[in-house]
Amino acid sequence: MRLGLALGYWGRGPEARHLALAQEAERLGYDSVWTAEAWGSDAFTPLTWIAAHTSRIRLGTAVAQMAARSPTTTAMHALTLDHLSGGRMLLGLGLSGPQVVEGWYGRPFPKSPLTATREYVDVVRQVLRRESPVALDGRFHPLPYPGEDGTGLGKPLKSITHPLRGDLPVLLGAEGPRNIAQTARIADGWLPLYWSPTRTDVYEASLGDGLRPGFVVAPLVRATVCADVREGLLPVKAMLGFYIGGMGHAARNFHAELMGRMGYEEEARRVQELFLAGRREEAVLAVPDAFADEISLVGPRGRIAERLQEWRKGPVTDLLVLARDPDTLRVLAELNA
């Protein structure tokens, strides 16, 4: 099981520790470093900065939002950074949800998200393979554009720049059962947001009888080496409270739905109610310690070592560690050696 460093997205401003953490992760032998985006900082620019100050560690987006860019634009970002970094790019994509897609990007959330995702990946792969001009008779990402408001002058084009790798890995962030199943068919890897090593049955039906050789399963896990487990779980609960309560509408929140499928349906509903009522601190406290604990690695070194064994038993190939201190990164590197 490889280790990756998950940096996430910026908060109020640039995170001064990110570059130093990425460099330390590279020194410790971490395989990859990952950036993200919500509705502030983008995923590709910080990753490019990190690429310029490292030499070996692979560079991933977990995740770049599909609504933010056309698929050809995303492919341009990926092939450019792959060249600049010497072939270290990993392209992680996610659909996001209606609140962000319609509220931030001003686009309709697709009524058929599986089709939209499949078309997006198809176009990205066409650009990267550069076998022929890019064309797709699609519902959401048709190329050339066929709309009545167009000029009709568009023609299929092939990337001027030759991609460094036609098989640049494309991974998908997926939460719903059908989305996960499609990811196993069309992508090179899966980026689960929540993963419980003791509840892998939640995903078995979607993943099928067996994954293709080389298929990446890379869940995000918040890790903290500390003496007080309950105190160490507070940042995990804060993240969960925001995602379950604030990253989506009361009637459609993919994160809350996933928490429900993992056995915490009533608790997820309560977190949502409190968060949407403006009672955010109560929402965070309402996140069950048990749920926060099973999807994270928190506590003294010995406890983390014991729990890390559970993560190794399943299909996880890469553990994307969300940590804010070099000591935690070092301990995990030592335990995973």
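Residues numbered from 1 in each chain as written. Predicted model: local features only at pLDDT ≥ 70, side-chain atom pairs only at ≥ 80, totals over all residues. Heavy atoms only, no water.

### Remarks on the pairing of strand β9 (residues 220–225)
Two strands pair when backbone bridges link them, and β9 and strand β11 (residues 318–322) are joined in this way by three bridges, in the parallel orientation. Bridge assignment links V221 to a residue of β11, and that residue is V321. Relative to strand β10 (residues 297–299), β9 runs parallel, the two sharing three bridges. Note that in β10 the partner of T224 across the bridge is V298. (Pairing = 2+ DSSP bridges. Helix = DSSP H or I, 4+ residues; strand = E, 2+ residues; numbered from the N terminus.)

### Looking at helix α2 (residues 44–52)
Buried within α2 we find F44, P46, L47, I50 and A51. Within α2, the buried residues cover an arc of 160° as seen down the axis, which keeps them to one side. Of the exposed residues in α2, those oriented more than 90 degrees away from the buried face are T45, W49 and A52. (Buried < 20%, exposed > 50% of the residue type's maximum accessible area, 1.4 Å probe, protein only. Arc of directions from axis to C-beta.)

### Quick word on unusual backbone geometry
V63 follows A62 through a cis peptide bond whose omega is 5°. Positionally, V63 belongs in the loop between β3 (58–61) and β4 (64–65). In this structure, S96 is a non-glycine residue whose phi angle is positive, near 65°. Mapped onto the elements of the fold, S96 is located in the loop between β5 (89–94) and α4 (98–103).

### What about the layout of surface pockets?
The space that makes up the second largest pocket amounts to roughly 270 Å³. Of the residues assigned to the lining of the second largest pocket, the class counts are eight nonpolar, two polar and two charged. (1 Å grid on protein atoms, 1.4 Å probe; cavity = no way out; pocket = protein on both sides within 12 Å on 5 of 7 lines; lining within 4 Å. Points joined across faces, edges and corners; volume = space filled by probe spheres on them. Nonpolar A, V, L, I, M, F, W, Y, C, P; charged D, E, K, R; others polar.)

### Remarks on the pairing of strand β2 (residues 32–35)
Going residue by residue along β2, you find S32 and W34 tucked away on one face and V33 and T35 tucked away on the opposite face as well. In this structure, strand β1 (residues 2–8) lies alongside β2, joined through four bridges in parallel fashion. By the bridge assignment, G8 is partnered in β2 with T35. Crossover β1 to β2 through helix α1 (residues 17–28) is right-handed. Here β2 runs beside β3; their pairing, made up of four bridges, is parallel. Residue pairing across strands places V33 opposite L59, the latter belonging to β3. For the handedness criterion, the β-α-β arrangement of β2, α2 and β3 is classed as right-handed. (Right-handed = clockwise from strand over helix to strand, strands pointing away.)

### A few points about the packing of aromatic side chains
One pass over the structure, following the stated rule, counts eight aromatic pairs. Between W190 and Y203 the ring centres are 5.3 Å apart and the planes differ by 70°, which places this aromatic pair in the edge-to-face class. Taken together, the residues W190 in strand β7 (residues 189–190) and Y203 in helix α7 (residues 201–207) connect sequence positions 13 residues apart. Taking relative accessible area as the criterion, Y203 reaches 2% and is therefore assigned buried. (Phe/Tyr/Trp six-rings, centres within 6.5 Å; stacked < 30°, edge-to-face > 60°.)

### Things to note about helix α9 (residues 234–246)
Relative to the 18 Å expected for 13 residues at 1.5 Å per residue, α9 spans 17 Å between its end C-alpha atoms, a close match to the ideal helical length. Listing the buried residues of α9 in full gives V236, K237, M239, L240, G241, Y243, I244, G245 and G246. (Expected span 1.5 Å × (residues − 1).)

### Let's talk about the pattern of salt bridges
Once their charged atoms are close, side chains differing in charge can pair, the charge on each being opposite to the other. Applying the stated rule across the entire model yields 19 salt bridges. For D31, the salt bridge goes to R58, with nearest N and O atoms at 2.8 Å. With D31 in the loop between α1 and β2 and R58 in strand β3, the pair connects residues that are 27 residues apart, well separated along the chain. With relative accessibility at 17%, the residue D31 sits in the buried group. Judged by relative accessible area, which is 27%, R58 ranks as partly exposed. A salt bridge links D327 to R330; its shortest N-O distance comes to 3.9 Å. Pair noted here: D327 and R330 are both in helix α14 (residues 326–336), with a separation of three residues, about one helical turn. Beyond isolated ion pairs, a larger network of salt bridges with shared partners links R301, D327, R330 and E334. (Salt bridge = Lys/Arg side-chain N within 4 Å of Asp/Glu carboxyl O.)

### Some remarks on empty space enclosed by the protein
Here the structure, examined in full by the defined rule, presents two cavities of 30 Å³ or more. Size it by volume and the largest cavity reaches roughly 50 Å³. Lining of the largest cavity is provided by L193, Y194, L220, V221, R222, V236, M239, I295, S296 and L322. Those elements that provide at least two residues to the lining of the largest cavity are β9 and α9. At three residues, the largest contribution of residues to the lining of the largest cavity is made by β9. Here the lining of the largest cavity is composed, by residue class, of eight nonpolar, one polar and one charged. There is about 40 Å³ of room inside the second largest cavity. Taken together, L7, G8, Y9, W10, H18, T35, A36, S41, D42 and P46 form the lining of the second largest cavity. Of the residues assigned to the lining of the second largest cavity, the class counts are five nonpolar, four polar and one charged.

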